[in-house]
Every structure is written in structure tokens, then in C-alpha cells.
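Structural overview for review
Chain by chain, the residues run as shown.
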Amino acid sequence: MIFLVLFLCSFENVTDEEMISMGATSEVLQELKADVISPRTGDIDFPVCHAHVTVPQGFVFMDIEQTKKLLVDYWGNPEDRMEDVIGSLVPASCEAFYQIAVAYIISYENCGYIKDDDASSIDYDELMKQIQKASAEANESLPVEQRLTIKGWAVTPQYLKSSHTLIWAKTVGSVDGESVNYDMRILGKDGLVSLNAVADPTALDEIVSTGSMMMNSVTFDNGYAYSDFDPKRDRISDWTIGGLIAGGVLAKTGFFAKLGVLLVKFWKLIAVAVIAIGASIKKIFKKRD
């Protein structure tokens, strides 16, 4: 029961009556509603990566601190995965954090100019097998509750040479269930801007349909686009396209997950609201701790 309360809080179409029927009190609802986001629209400049994002229609921008709050306090991701995050795009209909069910996490990596010569010759099925093997080996040193398992491609990788954009999606499993990570890497001459969509598997079609709009929202400043590369002056990355996919799947920012919505900030309030359910609640949260 308590899991359902927490899970339902992540969807913007859940009514107050439905949340109360699941055990939430009016005090809990007021706390959730009071935790509002500070949205921005228009052009958002990112000096760190010499690029800007034109916020697409139907979405709003959240800055670094708000994005970290969503990922850590609401979705249960470890803070050490926030290193390269520079913001996020979320549906404009969301006014408070608990309503956000889909988010596009924006990050930047100053990795240099990535050559795309290998893009058309990659065996993506074989690459997935190698990634899964590496992921399984990495999980052996982690507690069970922290392990994230790569189930496979939700969208097979594709490289759009005209826009120098790499797209793929993977299904990630955890002790809390599954989530889909939809990745877009927009290449520039000095590095790349990443848009990483985190959502439940049922939202994949929605994410794919808005992918081109998100991709086109990112523009590098004059002199910093992929086509502006100068081999005499600019740094060439050690990465290839295949290596970028494998590294992106296994990297910290590639492992953002929507873990059933933990709602750390409101744990005590929610526990009080459903205390009558019984001792089974203690067992659930003891396992998560």
C-alpha cells in the first residue's frame, strides 16, 4: 500500500481524492503541493558548454539545484551522479515536484571532438552484450539495493550525421522495478550536450515522439558547432561513436533512474499517514535502508 502511495505521487493526473484513498493525509498533500518548482522559458544560456537551449513549447526549464532535488530527493538517485548535470526540461503542466513523471536531464561533457567514422559499422547487438557483461561485473561490488541492471535496448542506437546527434534508449532494472533512459548526445567541436530522458517504460512512445523537438532545442554558439572543428587548434577525443554509446550507458549520468519515487523529504509524513496499515511497512523500508 505505501509503495502505491509513493508511486502515484509521481503522476500529474492523480487526483487528491485518489491519493487520500491510498492513505495520504491532507497535510501530506499540502506539503507536496507547497514544494513548487521555479520554471523558466525562452532561451537558456550554458556558458560552460558554449551552447543554449530554446525551451520547447509545452515544457519549462529547471536549473541545476532544482534538477538535483528532483533526481535525489524525489527519484532516489545518489548525489554522486550529479557531477555533469546543468539543468532539465519538464512538462509545463507540472507546478510541483511530485507531479513530474518525465524529465529530460541536461548535462555536458568537455571530452573534445569525437570522430564519427565508425558510426555506420557498429554491431549494436554485440555492443549490448559487452555492456551487459561489464555492468554485471560492476554490480558484484555493490549492495543489492544499489544495483542497476541493463535489460537491453528500448531503442536501438542511431547516429544522425546531418545533425551530428546520437540517439538510443535502454531499459534499466533495479530492486524497485524498471525505467527507461532515452539518450540524445549532440556533438560539438569541444564536447557534447546530453539530453537524458528518465521515465517509466509506458512513457517511451511519448518520449520518442518529442525526441526531435528536444534535439532541435539545443544549439551550439557560433564557432563551437561540430562543423567548426579545426584539427590544428582543437582537441580530438579518445572516444569513438561506439565507445560513446558504451561509455554513456555505463557512466554515472547514463544511470539516472526513476526508482518508484522515494520522496525522501516526506518519508516521516507519509509513514504517519499510513501507520494503520501495520508492521509490513517497517519491513518494506528496512529493506530499502
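Above this text you will find the structure in question.
A brief look at the structure comes next. (Residues numbered from 1 in each chain as written. Predicted model: local features only at pLDDT ≥ 70, side-chain atom pairs only at ≥ 80, totals over all residues. Heavy atoms only, no water.)

1. Observations concerning the overall build of the protein chain
The test is simple: Secondary structure elements are taken from DSSP: a helix is a run of H or I of four residues or more, a strand is a run of E of two residues or more, and numbering for both begins at the N terminus. Throughout, exposure labels follow a simple rule: accessible area from a 1.4 Å probe, protein chains only, divided by the maximum for the residue type, with under 20% read as buried, over 50% as exposed, and the rest as partly exposed. Working rule for contacts: check all heavy atoms of both residues, and any pair within 4.5 Å makes them a contact. Using a 1.4 Å probe, accessible areas were evaluated by the Shrake-Rupley method; residue-level cover was limited to the displayed protein chains.
Within the protein chain one finds nine helices and 10 strands. Classification of the 289 residues of the protein chain by burial places 51% in the buried group. Look at the contacts in the protein chain between residues 6 or more apart in sequence, and 66% of them connect residues 24 or more apart. Counting every atom, the protein chain has about 13,900 Å² of accessible surface; 52% of that belongs to carbon and sulfur.

2. A word on the sheet that holds strand β7 (residues 165–174)
To keep it simple, the criterion reads: We call two strands paired when DSSP finds no fewer than two bridges between them. For every element, the axis is a line fit to its C-alpha atoms; helices are fit only across the contacting stretch, and the angle between N-to-C directions ranges from 0 to 180 degrees.
Spatially, the seven strands line up as an open sheet ordered β3-β4-β5-β9-β8-β7-β6, and their pairing is antiparallel. Two strands close off the open sheet at either side, each with one partner strand: β3 (59–62) and β6 (149–160). Adjacent strand axes in the sheet meet at a mean angle of 20 degrees, parallel and antiparallel pairs treated alike. Bridging between strand β4 (residues 85–91) and strand β5 (residues 103–109) involves four bridges; their strand directions are antiparallel. Looking across to β5, one finds that Ser88 is bridged to Ile105. With respect to the sheet, helix α4 (residues 64–74) is in contact with β3, β4 and β5, its orientation differing from that of β4 by roughly 70 degrees. The sheet strands contacting helix α6 (residues 204–216) are β3, β4, β5, β6, β7, β8 (177–187) and β9 (192–199), and the helix crosses β8 at an angle near 15 degrees.

3. A few points about the pattern of salt bridges
Spelled out, the test is: Salt bridges are defined by distance alone: a side-chain nitrogen of Lys or Arg within 4 Å of a carboxyl oxygen of Asp or Glu.
Summed over all chains, the structure comprises seven salt bridges. A salt bridge links Asp35 to Lys69; the nearest nitrogen and oxygen atoms lie 2.5 Å apart. One end of the pair, Asp35, is in the loop between α3 (26–34) and β1 (43–46); the other, Lys69, is in helix α4, and 34 residues separate them in sequence. A salt bridge links Arg185 to Asp183, with the shortest nitrogen-to-oxygen separation between them at 2.9 Å. Each of the two residues, Arg185 as well as Asp183, counts as buried. A single network of salt bridges, built from pairs that share partners, joins Lys189, Asp190, Arg233 and Asp234.

4. Concerning unusual backbone geometry
The backbone phi angle of His50 is positive, close to 55 degrees, even though this residue is not glycine. Phi is positive for His164, which is not a glycine, with a value near 55 degrees. You can call His164 buried: its relative accessible area is 19%.

5. As for empty space enclosed by the protein
To be explicit about the condition: Using protein atoms alone on a 1 Å grid, points that fit a 1.4 Å probe yet trap it form a cavity, whereas open point sets bounded by protein on both sides within 12 Å along at least five of seven lines form a pocket; residues with an atom within 4 Å of a point count as lining. Grid points are joined across faces, edges and corners, and a volume is the space filled by probe spheres set on the points. In this classification, the charged set is Asp, Glu, Lys and Arg, the nonpolar set is Ala, Val, Leu, Ile, Met, Phe, Trp, Tyr, Cys and Pro, and all remaining amino acids, among them Gly, are polar.
In the structure shown here, the tally under the stated rule is one cavity of 30 Å³ or more. Roughly 40 Å³ of volume is contained in the largest cavity. For the largest cavity, the full set of lining residues is Cys49, His50, Tyr108, Lys189, Asp190, Gly191, Phe220 and Tyr224. Considered class by class, the residues forming the lining of the largest cavity number four nonpolar, two polar and two charged.

6. Describing the packing of aromatic side chains
How we decide: In this analysis, rings of Phe, Tyr and Trp, with Trp reduced to its six-membered ring, are considered paired at centre separations within 6.5 Å, and the interplanar angle assigns stacked below 30 degrees, edge-to-face beyond 60, and tilted for intermediate values.
Scanning all chains against the criterion turns up five aromatic pairs. Among the aromatic residues, those joined into a ring-pair cluster are Tyr113, Tyr226 and Phe229.

Nothing here speaks to function; it is all geometry.
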